[in-house]
Each structure stands twice: as structure tokens, then as C-alpha cells.
Amino acid sequence: MDTIEISQEEMAPRIARFADQESQSAHYADTIGIPREAYEIMAAKTLYLMMAPESQGGPMAQKPSIPGDPGASVIIARCPPGDKPLLHAHHYTIETFMCLTGRFRIRWGSQADHHIDLDPHDMMAIPPGVDRQFENISDEEALLLVIITGAGDEEFADISMPPDETSMIRERFGQSVIDAYNKVGVAFRNPDSTIDGPPVPAPIEITQSEMASRIARIADLEPLSASSGDSISVPREARELVAAKNLFLLMAPENQGGTMAHKPAITGPENISVLVAECPPGDKPLLHAHHHTVENFMCLTGEFRIRWGEGGHEHIDLKPFDMISVPPGVDRQFENISDTDARLLVVITGSSRDDYNDISMPPQVTELIRSRFGQDVIDAYGQRGVTFRNTR
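Because the structure is a prediction, the values reported are computed rather than measured.

Colleague: Describe the pairing of strand β23 (residues 323–326), listing the residues and the values that go with them.
Modeller: With burial as the criterion, each face of β23 is covered, one bearing Met323 and Ser325 and the other bearing Ile324 and Val326. Bridge count for strand β1 (residues 15–16) against β23 is 2 bridges, and the pairing is antiparallel. By the bridge assignment, Ile15 is partnered in β23 with Ile324. By the bridge criterion, 4 bridges tie strand β20 (residues 294–299) to β23 in an arrangement that is antiparallel.

Have a look at this one:
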């Protein structure tokens with residue numbers, strides 16, 4: 001497999017610095033006439049669009065920091081205590097929440113009568129068609145990561161508001177605001193069962209027990225290096241050297257290929273995997289490339305160095321909630337450059353689960369693995385779709 005080189009200048013548009021973000025509500029007030037107060041009461045006090053396709057529809061697609069591939073958006077909600085958007089549904093996309101700081105309550109159901117609370121780095125994936133709402137239940141400002149995934153850009157204009165919320169918006173802001181939201185694909189369900197805006201399916205209900213399989217508690221997870229040994233016949237030391245000391249698989253497609261497809265906490269859509277790497281100081285996986293998928297890194301705690309290119313000669317450093325999107329075909333590596341243990345979010349996106357058999361190791365890594373662990377380990381990784389590039 002051939003790799004590509006990308007310069008610092010070419011990588012710059014694929015980096016989002018958290019400190020530089022501007023709220024989505026400001027863009028919508030300027031572009032389509034939705035008052036900032038009306039946007040913030042429907043969405044959240046402050047929403048930062050870290051990554052999304054530039055062509056994507058819906059009410060959260062204005063000027064992404066990183067123009068991403070179709071099918072996924074990454075958003076950070078910055079919420080004062082008690083802040084919560086109105087109850088709403090996404091009818092064709094999956095909305096996944098991860099608590100970044102503080103504590104969040106996720107409610108769901110037509111009356112918001114079910115809920116769970118998320119601690120930092122816990123995650124929950126809400127299926128399409130379910131009314132949902134989040135709330136910062138901390139005493140301080142807190143951050144929530146929102147990942148929205150769908151089959152294509154056209155699915156992202158899929159939000160609807162339940163009747164009570166529709167009536168409140170109409171009374172408080174007038175029909176003109178509802179009409180403006182209709183233009184970006186938001187539907188409003190009326191008490192008489194009519195709909196203002198694009199047609200949407202009826203919402204669905206899901207019980208607390210049905211939702212349980214869509215929740216990942218980071219404290220309850222085993223690292224992949226501890227749980228995947230029997231299935232891939234690779235010593236734990238080799239697995240931790242190739243990947244990271246502790247790599248937790250929060251969400252992945254069912255029967256996904258590749259080396260990171262062992263027992264995800266949440267069985268998710270086909271086009272995304274979500275992992276958390278928990279690294280002691282200096283921990284770093286070996287340099288490697290993904291050839292068909294995009295690997296996105298977000299620093300959760302501490303500070304991480306992301307290297308790329310031949311020999312990892314280029315790099316940037318990420319502080320908490322900074323993000324970088326590494327394109328296919330580029331050798332890359334992360335390292336915890338903090339003085340204490342730190343966590344890195346890894347979000348891998350592709351067209352389908354078949355794209356995930358796409359990892360390759362550069363020649364110097366191939367020689368290291370072969371000399372330290374033998375050809376049997378290389379062969380075992382090969383059975384999981386990993387290619388080892390040899391010196392020509």
C-alpha cells in the first residue's frame with residue numbers, strides 16, 4: 001500500500017482549535033434570520049461545529065472548523081448550569097452524546113420521562129425517531145460532545161420538534177421563526193398532528209431497558225489489549241505497542257473488520273468507530289496509516305502530540321478539545337506529552353464497515369515487530385487486515 005505526504009500548510013484546514021471556535025447561533029442570526037435567543041433555546045447556549053461536510057444540511061451546518069467527509073458531524077455544546085435544548089427528534093440520523101466535563105442528564109421519550117446521567121467520557125447513542133434532550137446538571141459550566149451520523153448529507157435535515165415545543169416557539173417568537181427553521185429542514189409537529197415544514201415519520205418510544213445497550217460507561221470497559229488476545233492470537237505486549245497502552249472501544253459497527261472490532265460497548269452505525277485511548281506519559285502507538293478511513297483525534301485530557309508523514313517528521317500538539325482530522329493514506333502517530341495519564345478520543349469514519357481493514361505499518365515498524373515478536377505475530381495481524389510494508 002502506498003502512502004501520501006501532507007505538509008503543515010495542507011494539514012492546517014484539518015485542525016480545529018477549541019479556543020478559536022465561534023457559536024453556531026451567531027451564524028444563523030446573520031444568515032437566515034433566526035434570532036440568537038431562538039437558536040439557543042432550541043439547540044444549546046453555545047454550539048461549536050468542530051467538523052461537518054460543507055454541503056451538509058440541517059440547522060447545525062454553518063461554517064464547520066474542519067470540512068469533513070459526508071455522513072458525520074462533530075459538535076461541542078458549551079452549557080452553563082441547567083442549560084438544555086428543547087426536546088426534539090432526529091428521524092434519520094443517530095445522535096451520540098459524550099460527556100466531556102461536568103455531568104449531563106440525557107432525557108428521552110415523547111414526555112421526556114426516561115433519563116440517564118453521564119459522567120466524563122461516558123457515552124450514549126440515541127436511535128433515529130426518538131425525542132431527546134440533554135441538560136447540564138453540574139454546578140458549573142460543562143461541555144458535551146455531540147456526534148451525528150447518517151448515510152449521507154441529505155439525512156441531516158431531519159429534526160422535528162414535538163407539539164408542546166412547537167406551541168412555545170410560535171407563541172414566543174412568532175410564525176416567521178418557524179418558517180425560517182423550515183428552510184433549514186426543521187419540522188414542527190402541531191397539537192392537531194399536522195406538521196409545519198418537511199414531512200417526517202412519527203416519533204418512536206424506547207424503554208429504559210432497550211436503551212441500556214446503547215450506553216457505554218468508561219469505568220466499566222476493559223481495554224482492547226486485555227479483551228482481544230484470544231481472538232487475534234497476538235501477545236498483549238505487542239497489542240499495546242501497536243495500538244496504545246489502554247484503548248477502549250466505545251462504539252463500532254457489528255462485525256466490523258480490522259484490529260479494533262472486538263466487543264464494542266455500543267453497536268453503532270456502519271460508518272463510524274469511537275475509541276478512547278488512555279495513555280501514561282510518553283505512551284504512543286507505532287506509526288501507521290489508515291488507507292480508506294479518516295482518523296480524527298480530539299484531546300480529552302492532558303496534551304497530545306500528533307505526528308504524521310514519513311518517519312513522523314511533521315507534528316502538532318493538541319490541548320483539551322482541540323481536534324485534527326488525518327486523511328487516508330498518511331502515516332500517523334499520537335503521543336501523550338503530559339506529565340500524567342491523559343485521554344485521547346479517536347473517531348474513525350468510513351463509507352462502510354468494509355473500509356476498516358485498511359491499516360498498514362511502515363517498513364521500520366515491520367522490522368521492529370518481526371525482530372521483537374516474530375513472523376507469527378505479523379501473520380496474525382494480517383488475518384485482521386493489517387498490512388506490513390517491507391523495505392523495497
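Colleague: Explain the packing of aromatic side chains to me, using residue names and the numbers behind them.
Modeller: Ring pairs (aromatic) are described by centroid distance and by the angle formed between their planes. Inspection of every chain in the model, using the stated rule, returns 8 aromatic pairs. Look at Phe104 and Phe134: their rings are 6.3 Å apart centre to centre, the planes differ by 70°, and that puts the pair in the edge-to-face class. In this pair, Phe104 is assigned in strand β7 (residues 104–108) and Phe134 in strand β10 (residues 131–136), connecting sequence segments 30 residues apart. Ring geometry for Tyr181 against Phe188: centres 6.1 Å apart, planes inclined by 55°, an arrangement best described as tilted. Classification of Tyr181 as buried rests on a relative accessible area of 2%.

Colleague: So what about the nonpolar core? Which residues, and what values?
Modeller: Grouped burial of nonpolar side chains is what soluble globular proteins tend to show. Membership of the largest hydrophobic core comes to 43 residues, with the highest contact counts inside it found for Met124, Phe134 and Tyr181. What Met124 contacts, discounting residues up to four positions off in sequence, is Glu95, Thr96, Phe97, Ile106, Trp108, Ile116, Leu118, Met211, Arg214, Ile215 and Ile266. Among the nonpolar cores identified, the runner-up in size contains 31 residues, and Met50, Leu100, Val274 and Leu345 belong to it.

Colleague: Which residues make up the sheet that holds strand β18 (residues 272–279), and what values do they have?
Modeller: Two pairing modes exist for strands in a sheet, parallel and antiparallel, and in both the strands are linked by backbone hydrogen bonds. Here 7 strands make up an open sheet; going across it, the order is β1-β23-β20-β25-β18-β16-β17 and the pairing mixed. At either end of the open sheet lies a strand with only one pairing partner, and these are β1 and β17 (266–268).

Colleague: So what's going on with the pattern of salt bridges? Residues and values would help.
Modeller: Side chains bearing opposite charge may pair, as long as their charged atoms lie close to each other. For the coordinates displayed, the defined rule picks out 23 salt bridges. Of the charged contacts in the structure, one is a salt bridge between Arg103 and Asp117, with a shortest N-O distance of 3.7 Å. Of this pair, Arg103 sits in the loop between β6 (94–99) and β7 while Asp117 sits in strand β8 (residues 114–118), and the two are 14 residues apart along the sequence. Owing to a relative accessible area of 14%, Asp117 belongs among the buried residues under this scheme. Each of the salt bridges in this network shares a partner with another, and the network as a whole consists of Arg103, Arg105, Asp117 and Asp119.

Colleague: A description of unusual backbone geometry should follow, citing residues and the corresponding values.
Modeller: For His121, which is not glycine, the phi torsion reads 75° and is therefore positive. Relative to the assigned elements, His121 resides in the loop between β8 and β9 (123–126). In this model, Phe321 sits at a positive phi of 75°, which is unusual for a non-glycine residue. Secondary-structure assignment places Phe321 in the loop between β22 (314–318) and β23. Of the residues examined, Phe321 reaches a relative accessible area of 9% and is grouped as buried.

The rules behind each value
- Residues numbered from 1 in each chain as written.
- Predicted model: local features only at pLDDT ≥ 70, side-chain atom pairs only at ≥ 80, totals over all residues.
- Heavy atoms only, no water.
- Buried < 20%, exposed > 50% of the residue type's maximum accessible area, 1.4 Å probe, protein only.
- Helix = DSSP H or I, 4+ residues; strand = E, 2+ residues; numbered from the N terminus.
- Pairing = 2+ DSSP bridges.
- Phe/Tyr/Trp six-rings, centres within 6.5 Å; stacked < 30°, edge-to-face > 60°.
- Core = buried A, V, L, I, M, F, W, Y, C linked by side-chain atoms within 4.5 Å.
- Contact = heavy atoms within 4.5 Å.
- Salt bridge = Lys/Arg side-chain N within 4 Å of Asp/Glu carboxyl O.

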